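The lines below spell out each chain.
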Amino acid sequence: MRPWQKVLIVAVNIYLLLFFGPVAGFDIFRIIPEIASKPSTLLQQLLIGIANGSIIAIIALGYTLVYGIIELVNFAHGDVYMLGAFMSLTIIGAFGVTAESTGAQKIVAILVAFLGAVAFTATANVTIERVAYRRLRNAPRLASLISAIGVSFILQNVGLFWGGLKAFFPIMGVNAAAPKAFPELIGRIDVFKDILGWNVPISFSTKDLLVITVASSLMIGLRLFVQYTRLGKAMRATAENRDAAKIMGIDVDRVIAFTFLLGGSLAGAAGLLVGLYNNTAVFTMGFTAGLRAFTSAVLGGIGNITGAMLGGFLIGILAAFSDQYFSSRWTNAWVFAVLVLVLVFRPTGLLGESIGQKA
Amino acid sequence: MLELKDVHTYYGNIHALKGISLKVEKGEIVTLIGSNGAGKTTTLRTIQGLLRPRSGSIVLEGEELTKIPPHLITERGVSQSPEGRLIFPRMTVLENLEMGAFSRKDKDGIKRDLERVCIVFPRLKERVKQKGGTLSGGEQQMLAMGRALMANPRVLLLDEPSMGLAPILVEQIFQIIQELNKQGTTILLVEQNARMALSIAHRGYVLQTGHIRLQGDAKRLHDDEEVRKTYLGEE
Ligand SMILES: Nc1ncnc2c1ncn2[C@@H]1O[C@H](COP(=O)(O)OP(=O)(O)OP(=O)(O)O)[C@@H](O)[C@H]1O
Ligand SMILES: [Mg+2]
């Protein structure tokens, strides 16, 4: 694109934003006084954004890992995450723990739910790769993309069906399609006021701390794994050049299956985490979360682990700001707008390298 | 040691190898020459298992290779410096070399081979920390060869190692190939530079549109009238 074309697009966008922005909640004449009158809300939304962004980031890692290795946008990934949340909910329901249970009971239930959900989503993701993508690996790119969309629909219906099995899983509640209530197991103790004893107008709860810690450790662990382990190096080699990787003696099919296993495990962990954090799960949650996570991965530079994390935080913050200051009904539109802008102006993302050398 | 018998390889409907039979004995340099599109690269990719022949057999020291997956073919002792080099651009030179030894378990042997590669290609040694993609074309060619050597292969397949190199470097690369062979590596060498290839090889095959057209002693091929005309550009 020529420079003047970019300038024109920016100008048109600013024009559209100023005239139609207020419809989508972007009304600077309302927002600026609002922030000025209560600046602590801005900080509060920032924290909420980072906490929500942590969960998005974990899902984004799954998109980025799979894209990095087979250049497929795995549209079913968000729905695998949804199944992770359903599996966690089912296990926690089977344990019968509630907010009133003892700490030990809660910890056991959460641990078992974690292992169960991760094992389940990892298996599901590996199976999806085997059944729906492997045969299409050498077909035109569009074929596996459409296959992924198909799998996404199937998984959503699995979620809907699962949510309707209230005879087997009473915790699923009345209506198959309705959001399911996740019991409050972590508790919302304020880190600033109740633990540190600071008297500040913003709150930061143990839940926020939990998701941010888990997401950051997962990202750091993943980076170290990919950088230094034998399997991690095989993943990088396969991502950079599949034929060369085969010549090196790498079992490429196994490495790709393992990548789906990793991505699926992360989705399962995110599913449990979101249940504990937001106390709700619904069969369509994978779509919204998937959209945001995919946007984060692209924003950070798809294929880049640190980028996915950074993108997750940024999209989380954008969504929190939109919910607070713009209009929560338009939040997804704003996320989409970011996706479009990134694809137009910087398709390699914030931390992405140029794709030139990819074979 | 390595023997291909009546190998037929297809790309979809395109019949690229139409019954290739060739042999590489232990300790030999065998060269495969032929014009563009003759099927040289296809032959090497078929041996490595990247392409599956529709019929025919490929035997390495008594073991049939057409039935086992590519990563096991590497483990059995076949490695190559492929056409287009295919180095890992975002990995460092050292990581690229380590990947070459991926299917080996003998730590001491790997260390010894790494030292050997550094002696053979001192340029690589100076650049171990550099990303593969930032090397010059000639250096990438050396890296591709070094990486293939790291597998300590029984048969080393080289696909146009002189491609895109300055004349001085070409000479150097051929010396290195000869040196490696003297140290005991068996080599199947694909080349456009037929004159050079025939001057260092023991035997040669001339490939034409998927068939073996001529074969024999390298010196004899070098003096063959048809080869001189077609491949060495002499009148
Ligand atoms: N991926 C492919 N799809 C279809 N046809 C192919 C493909 N790769 C090679 N071919 C065809 O197979 C034949 C042999 O190609 P190959 O690459 O083996 O030639 P080559 O001898 O290595 O030539 P060069 O000296 O130019 O490297 C050619 O006719 C080529 O057009
Ligand atoms: Mg070739």
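Everything that follows concerns the structure shown earlier in this document.
Analysis parameters
- Residues numbered from 1 in each chain as written.
- Chains lettered and ligands numbered in written order.
- Predicted model: local features only at pLDDT ≥ 70, side-chain atom pairs only at ≥ 80, totals over all residues.
- Heavy atoms only, no water.
- Contact = heavy atoms within 4.5 Å.
- Buried area = accessible area lost by both parts, 1.4 Å probe.
- Salt bridge = Lys/Arg side-chain N within 4 Å of Asp/Glu carboxyl O.
- Polar contact = N/O pair within 3.5 Å; in protein donor to acceptor, adjacent residues only side chain to side chain.
- Pairing = 2+ DSSP bridges.
- Helix = DSSP H or I, 4+ residues; strand = E, 2+ residues; numbered from the N terminus.
- Axes fitted to C-alpha atoms, helices over the stretch in contact; angles between N-to-C directions.
- Expected span 1.5 Å × (residues − 1).
- Buried < 20%, exposed > 50% of the residue type's maximum accessible area, 1.4 Å probe, protein only.
- Donors = N, O, S within 2.8 Å, 3.2 Å for Na, K, Ca; no water.
- Phe/Tyr/Trp six-rings, centres within 6.5 Å; stacked < 30°, edge-to-face > 60°.
- Near = heavy atom within 4 Å.
- Areas by Shrake-Rupley, 256 points an atom, 1.4 Å probe, with all protein chains shown as cover.
- Nonpolar A, V, L, I, M, F, W, Y, C, P; charged D, E, K, R; others polar.
- Lys, Arg positive; Asp, Glu negative; His and termini not counted.
- Parallel < 35°, antiparallel > 145°, perpendicular 65-115°, else oblique.
- Left-handed = near helix turned anticlockwise from the far one by under 90°.

Peer 1: Sorry if this is basic, but what is going on with the interface of chain B and chain A here?
Peer 2: Often, the extent of an interface is quoted as the loss of accessible area on bringing the components together. Taken together, the contacts link 23 residues of chain B with 20 residues of chain A. Across the interface of chain B and chain A, roughly 2,200 Å² is buried in total on both sides, 60% from carbon and sulfur atoms. Broken down residue by residue, the surface that chain B buries against chain A is led by Phe88(B), Arg90(B) and Phe102(B), which jointly contribute 31%. The interface formed by chain B and chain A holds 3 salt bridges in total. The salt bridge partner of Glu95(B) is Arg236(A), with a shortest N-O separation of 2.9 Å. Inspection of the chain B/chain A interface yields 7 residue pairs in polar contact (both at pLDDT 80 or more).

Peer 1: Explanation requested: the sheet that holds strand β4 (residues 55-60) of chain B in the structure shown.
Peer 2: Two pairing modes exist for strands in a sheet, parallel and antiparallel, and in both the strands are linked by backbone hydrogen bonds. Residue and element names in this part refer to chain B. The strand order across the open sheet built from 4 strands is β2-β1-β4-β5, with neighbouring strands paired in antiparallel fashion. Across the chains shown, the open sheet's two edge strands, defined by having one partner strand only, are β2 (14-24) and β5 (63-64). As judged from the 5 bridges shared by strand β1 (residues 2-11) and β4, these two strands associate in the antiparallel manner. Paired with His8 across the two strands is Ser55, which belongs to β4. Of the strands in this sheet, β1, β2 and β4 are in contact with helix α1 (residues 40-48), which crosses β1 at around 110°.

Peer 1: Sorry if this is basic, but what is going on with helix α4 (residues 77-95) of chain A here?
Peer 2: Owing to its 3.6 residues per turn, the α-helix brings residues three or four apart onto one side. All names here are of chain A. For α4, with 19 residues, the first-to-last C-alpha span of 27 Å sits near the 27 Å given by 1.5 Å per residue. The buried fraction of α4 is high, at 15 of 19 residues. Gly96 sits one or two positions beyond α4 and adopts a positive phi of about 70°.

Peer 1: Mind showing me how you'd approach the environment of Ala38(B) here?
Peer 2: Residue and element names in this part refer to chain B. Examined against the element boundaries, Ala38 turns out to sit in the loop between β3 (29-33) and α1. The class of Ala38 is buried, set by a relative accessible area of 2%. A sequence separation of 17 residues divides Ala38 from Ser55, and the C-alpha atoms of the two residues are 19 Å apart. In this structure Ala38 touches Ala16, Leu207, Gln208, Thr209 and Gly210, once residues within four positions along its chain are discounted.

Peer 1: Would you mind showing me how to read the coordination of the magnesium ion (ligand 2) here?
Peer 2: Six octahedral donors around a metal ideally sit at 90 or 180 degrees from one another, while four tetrahedral donors ideally sit at 109.5 degrees. All names here are of chain B. Here the magnesium ion (ligand 2) is held by Thr41 (OG1) and Glu83 (OE), and the distances to it run 1.9 to 2.2 Å. Of this pair, Thr41 sits in helix α1 while Glu83 sits in the loop between β6 (78-81) and α3 (93-100), and the two are 42 residues apart along the sequence. Among the residues examined, Thr41 registers a relative accessible area of 16% and is labelled buried. Under the relative-accessibility criterion, Glu83 is labelled partly exposed at 42%.

Peer 1: Honestly, helix α9 (residues 230-240) of chain A in this entry has me stumped. Any pointers?
Peer 2: In terms of burial, α9(A) is largely enclosed, as 9 of its 11 residues are buried. Every buried residue of α9(A) is listed here: Gly232(A), Lys233(A), Ala234(A), Met235(A), Arg236(A), Ala237(A), Thr238(A), Ala239(A) and Glu240(A). Each element contacted by the buried residues of α9(A) is listed here: α3 (39-70), α8 (206-228), α10 (242-247) and α11 (252-278) of chain A together with α3 of chain B.

Peer 1: Is there a simple way to explain the packing of aromatic side chains in this structure?
Peer 2: For any pair of aromatic rings, geometry is given as the distance between the ring centres together with the angle between the planes. Residue and element names in this part refer to chain A. Within this structure, the stated rule accounts for 11 aromatic pairs over all chains. Measuring from centroid to centroid gives 5.9 Å for Tyr63 and Phe294, while their planes differ by 50°, and the two rings are tilted. Here Phe294 lies in helix α12 (residues 285-300) and Tyr63 lies in helix α3, a separation of 231 residues in the sequence. The burial state of Tyr63 is the same as that of Phe294; both residues are buried. With 6.0 Å between their ring centres and 85° between their planes, Phe321 and Tyr325 make a pair best called edge-to-face.

Peer 1: Is there a simple way to explain the site of ligand 1 in this structure?
Peer 2: All names here are of chain B. Neighbouring ligand 1 are 14 residues, the closest being Lys40, Thr41, Thr42, Glu83 and Gln192. Contact distances for ligand 1 include 2.9 Å between an oxygen atom and a side-chain N or O atom of Asn36. Ala38 places a main-chain nitrogen or oxygen 3.2 Å from an oxygen atom of ligand 1. Contact with the protein chains covers 62% of the free accessible surface of ligand 1, which is 630 Å². For the shell around ligand 1, the element with the most residues is α1, which contributes 3 residues. Split by residue class, the shell around ligand 1 holds 4 nonpolar, 7 polar and 3 charged.

Peer 1: How do you make sense of the environment of Ala109(A) when you look at a structure like this?
Peer 2: In this fold, Ala109(A) is placed in helix α5 (residues 103-133). Once residues lying within four places of it in the same chain are set aside, the contact partners of Ala109(A) are Ile92(A), Phe95(A) and Val97(A).

Peer 1: Sorry, what's going on with the side chain of Glu160(B) here?
Peer 2: Residues and elements named next belong to chain B. Mapped onto the fold, Glu160 is located in the loop between β7 (155-159) and α7 (167-182). Lys40 provides the closest opposite charge to the buried, salt-bridge-free Glu160, at an N-O distance of 4.5 Å. Looking at Glu160, its side chain comes within polar contact range of the side chain of Gln192, at 3.5 Å. Those residues in contact with Glu160 that lie beyond four places of it in its chain are Lys40, Glu83, Gln141, Val190, Glu191 and Gln192.

Peer 1: Looking at this structure, I do not really get the environment of Tyr325(A). What am I missing?
Peer 2: Residues and elements named next belong to chain A. Looking at the element boundaries, Tyr325 is found in helix α13 (residues 305-327). Residue class for Tyr325 comes out buried when judged on its relative accessible area of 2%. Separated by 142 residues in the primary sequence, Tyr325 and Pro183 have C-alpha atoms spaced 30 Å apart. Those residues in contact with Tyr325, other than ones at most four positions away along the chain, are Gly25, Arg30, Ile31, Glu34, Ile35, Thr41 and Leu42. Among the polar contacts made by the side chain of Tyr325, one reaches the main-chain amide nitrogen of Leu42 at a distance of 3.3 Å.

Peer 1: Just checking my understanding: could you explain the sheet that holds β6(B) for this structure?
Peer 2: All names here are of chain B. If you trace the 6 strands from one edge of the open sheet to the other, you get β6-β7-β8-β3-β9-β10, paired in mixed fashion. Strands at the two margins of the open sheet, each flanked by one partner only, are β6 and β10 (211-217). Across the sheet, the axes of successive neighbouring strands diverge by a mean angle of 20°, strand direction being ignored. As defined by bridge partners, β6 adjoins β7 across 4 bridges and the pair is classed as parallel. Paired with Ser79 across the strands is Leu156, a residue of β7. Each of β3, β7 and β8 (186-191) is contacted by α7, which is oriented at about 155° to β8, the strand it contacts most.

Peer 1: Would you explain the packing of α3(A) against α12(A) in this entry?
Peer 2: Two quantities define a packed helix pair, namely the angle between the axes and the distance from one axis to the other. All names here are of chain A. Look at α3 against α12: their axes get within 8 Å of each other, and the N-to-C directions meet at 65°. Of the possible angle classes, the one that applies to α3 and α12 is roughly perpendicular. Note on packing geometry: the crossing formed by α3 with α12 is right-handed. Between α3, through Ile56, Ile59, Ala60, Tyr63 and Thr64, and α12, the contact on the second element is made entirely by Ala289, Gly290, Arg292, Ala293, Phe294, Ser296 and Ala297. Classifying every residue of the contact of α3 with α12 gives 8 nonpolar, 3 polar and 1 charged.

Remember, this is a structural readout, not a statement about activity or role.
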